[in-house]
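Each chain, written out:
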Amino acid sequence: MGRDEINRENGVNDVTIKVMYCGICHTDLHHVKNDWGITMYPVVPGHEITGVVTKVGSNVKNFKVGNRVGVGCLAASCLECEFCKSSQENYCDQIQFTYNGIFWDGSITYGGYSQMLVADHRYVVYVPDNLPMDAAAPLLCAGITVFSPMKDSKLLESPGKKVGIVGLGGLGHVAVKMAKAFGHHVTVISTSPSKEQEARQRLGADGFIVSTDAQQMQTGKRTLDVILDTVSAKHSLGPILELLKVNGTLVLVGAPDRPVDLPSFPLIFGRVSSPSISLFHRDKIPYNVRTESKQLFFHNLSAETGKRAVKGSMTGGMKETQEMMDVCGKHNITCDVELIKPHQINEALDRLARNDVRYRFVIDIAGTSKL
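What counts and what doesn't
- Residues numbered from 1 in each chain as written.
- Predicted model: local features only at pLDDT ≥ 70, side-chain atom pairs only at ≥ 80, totals over all residues.
- Heavy atoms only, no water.
- Helix = DSSP H or I, 4+ residues; strand = E, 2+ residues; numbered from the N terminus.
- Buried < 20%, exposed > 50% of the residue type's maximum accessible area, 1.4 Å probe, protein only.
- Polar contact = N/O pair within 3.5 Å; in protein donor to acceptor, adjacent residues only side chain to side chain.
- Contact = heavy atoms within 4.5 Å.
- Pairing = 2+ DSSP bridges.
- Axes fitted to C-alpha atoms, helices over the stretch in contact; angles between N-to-C directions.
- 1 Å grid on protein atoms, 1.4 Å probe; cavity = no way out; pocket = protein on both sides within 12 Å on 5 of 7 lines; lining within 4 Å.
- Points joined across faces, edges and corners; volume = space filled by probe spheres on them.
- Nonpolar A, V, L, I, M, F, W, Y, C, P; charged D, E, K, R; others polar.

### Comments concerning the side chain of Asn100
Mapping Asn100 onto the fold places it in the loop between β5 (96–97) and β6 (116–120). What makes Asn100 buried here is its relative accessible area of 11%. A distance of 2.7 Å separates a polar atom in the side chain of Asn100 from the backbone nitrogen of Met40. Setting aside its immediate chain neighbours within four residues, Asn100 contacts His31, Ile38, Thr39, Met40, Val43 and Thr109.

Structure below.
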């Protein structure tokens, strides 16, 4: 998949990077299959890239040959809008991504499934010396994707919160590690009971809720301050919202290819009350019935109100990405990875489609690991 001959020449603002490792993200799978209808073939995926600088442009002062660096999702932005000027380049209207984007010179961008990469230095970060390059690679996407909403929710500065993580995959497992490092009580919410031992004993989660177990979901109601939903498949947010405290926040960081279900009443009311329907028993009516009246039945009745919020978050700006890498270096946070050789990419993509990975595939581009 990697094609080195299509990388552009190193410009005055660029650095050339010898790619050592590149993580495989669900986004790569979507682009390869053109699930979103936006792929420009030939596509070279990869936006979880670590490597070593081999060349710097004449305008580049903050990097030098030999630096350990990383490249994530962003390749270019306008540099002039309010978002670019406030280090939120990821929300620039003209943002272009590391692959399947259009660079400033009109060329198509190609990603890290390649032996080398040319990147504008403004979209490159340092990799802390204590972090292994292979296990650090997925931090450039998975790491910043969960770090940014944690910072936005003030979880870095206010320990002791009750944090929920929905899904224990590539995003979820690193979210658990970060939330624990920041001093929070962490509950994993999963459809898979078999993941409880892994969540508790290996990743350090304090609690585990099987989302298909009605009793566990009932017990968990109104217990969490913040929930990060990392699931990339279509699902209903209603039951998850019930786990939030009255002023709790649910942040979506997964990217399902179909719309998720978001009923309004769990947002507006903690539990809803109405004498006219108090004769109905909520257990008799399935939650996934879509009429609002039956959603009311499910929530049963009470005078309590709620002010829950649902937000979305997409990666992070460059300043925040460097901060994330530095924080991971401080706390020795890395991703749990399965290393593969380049000839195994297609097999890995097939396994990723079946969620058969714990927790991130990383391609050993340079062939430096003994596999």
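There is more to say after this.
### Focus: the sheet that holds strand β10 (residues 207–210)
If you walk across this open sheet you meet the six strands as β10-β9-β8-β11-β12-β13, and the pairing is parallel. The open sheet is flanked by β10 and β13 (309–312), the only strands paired with a single partner. The sheet shows a mean angle of 20 degrees between the axes of neighbouring strands, direction not considered. Sheet topology note: the strand β9 (residues 185–190)/β10 ladder contains four bridges and is parallel. Counterpart to Thr187 in the pairing with β10 is Gly207.

### Here's the deal with empty space enclosed by the protein
In this structure the tally under the stated criterion is one cavity of 30 Å³ or more. Lining the largest cavity are Gly72, Cys73, Leu74, Tyr123, Leu140, Ile144, Thr315, Gly316, Met318 and Thr321. In terms of residue class, the lining of the largest cavity is made up of six nonpolar, four polar and no charged.

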